[in-house]
Amino acid sequence: MRLCVFDATDGSRPGLVLGEEIADIRAVARDLPANPVDILAAGAAGMQAAEKAARTAPGIPLKGARLKAPVKRPGKILGK
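In short, a report on the structure. The model shown is predicted, which means the values in this text are computed figures rather than measured ones. (Residues numbered from 1 in each chain as written. Predicted model: local features only at pLDDT ≥ 70, side-chain atom pairs only at ≥ 80, totals over all residues. Heavy atoms only, no water.)

## Overview of the overall build of the chain
Alright, step 1. Along its length, the chain carries 3 helices and 5 strands.
Alright, step 2. Helices (α) and strands (β) of the chain occur, in sequence order from the N terminus, as β-β-β-α-α-α-β-β.
Alright, step 3. Its C-alpha atoms give the chain a radius of gyration of 12 Å, near enough to 12 Å, the size a compact globule of 80 residues would have.
Alright, step 4. Oriented by its inertia axes, the alpha-carbon framework of the chain measures out at about 35 × 30 × 25 Å.
Alright, step 5. Here the analysis covers contacts within the chain between residues at least 6 apart in sequence; of these, 52% occur between residues at least 24 apart.
Alright, step 6. Carbon and sulfur atoms form 53% of the exposed surface of the chain, whose accessible area is close to 5600 Å².
Alright, step 7. Put simply, the chain has 13 plus and 8 minus side-chain charges, and the middle of one group is 7 Å from the middle of the other. (Helix = DSSP H or I, 4+ residues; strand = E, 2+ residues; numbered from the N terminus. Rg over C-alpha atoms; globule rule 2.2 N^0.38 Å. Contact = heavy atoms within 4.5 Å. Areas by Shrake-Rupley, 256 points an atom, 1.4 Å probe, with all protein chains shown as cover. Lys, Arg positive; Asp, Glu negative; His and termini not counted. Charge placed at Lys NZ, Arg CZ, Asp CG, Glu CD.)

## Here's the deal with the nonpolar core
Alright, step 1. Listed in full, the 11 residues of the largest apolar core are Leu 3, Leu 16, Ala 23, Ile 25, Ala 29, Leu 32, Ile 39, Ala 50, Ala 53, Ala 54 and Ala 57.
Alright, step 2. Here the element with the most residues in this core is helix H3 (residues 44–54); it accounts for 3 residues.
Alright, step 3. Excluding residues within four positions of it along the chain, Leu 3 makes contact with Gly 15, Leu 16, Pro 36, Ile 39, Leu 40 and Met 47. (Core = buried A, V, L, I, M, F, W, Y, C linked by side-chain atoms within 4.5 Å. Buried < 20%, exposed > 50% of the residue type's maximum accessible area, 1.4 Å probe, protein only.)

## Structural notes on the sheet that holds strand S4 (residues 59–61)
Alright, step 1. Reading across from one edge, S4-S3-S2-S1-S5 is the order of the 5 strands in this open sheet, with antiparallel pairing throughout. The open sheet terminates on both sides in strands that have one partner only, identified here as S4 and strand S5 (67–68).
Alright, step 2. With 2 bridges joining them, strand S1 (residues 2–8) and S5 adopt antiparallel strand pairing. Looking at S5, one finds that Phe 6 is bridged to Leu 67. (Pairing = 2+ DSSP bridges.)

## Digging into the pairing of S1
On a regular strand, each side chain points to the face opposite its neighbour's, so the side chains alternate between the two faces of the sheet.
Alright, step 1. Pairing geometry for S1 and strand S2 (residues 11–18), over 7 bridges, is antiparallel. The partner of Phe 6 across the bridge, within S2, is Arg 13.
Alright, step 2. The loop that links S1 with its antiparallel partner S2 comprises 2 residues.

## Looking at the pattern of salt bridges
Alright, step 1. On inspection of all chains with the given rule, the structure shows 4 salt bridges.
Alright, step 2. Put simply, Arg 13 and Asp 10 hold a salt bridge, and the shortest N to O gap is 3.0 Å.
Alright, step 3. Take Asp 10: its relative accessible area is 52%, and that puts it in the exposed class.
Alright, step 4. One network of salt bridges, in which partners are shared, links Asp 7, Arg 66 and Lys 68. (Salt bridge = Lys/Arg side-chain N within 4 Å of Asp/Glu carboxyl O.)

Laid out in structure tokens, this is it:
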């Protein structure tokens, strides 16, 4: 399960990539933060809430979806 940001008809939304689909987690859990950094900052509880929402969230085909950078302005970039 990978956290992502994708373009939806009403703007960018966080989602979880599950196989060949993106689970639109904000469609079923409006209390989840719209910013994936805030979901990650909530730690295990944030990811558990996202995973719970993904179980009932509508799926969007990954093929053809427009993915965006999940973190707009990272504080640090590490490379090897």
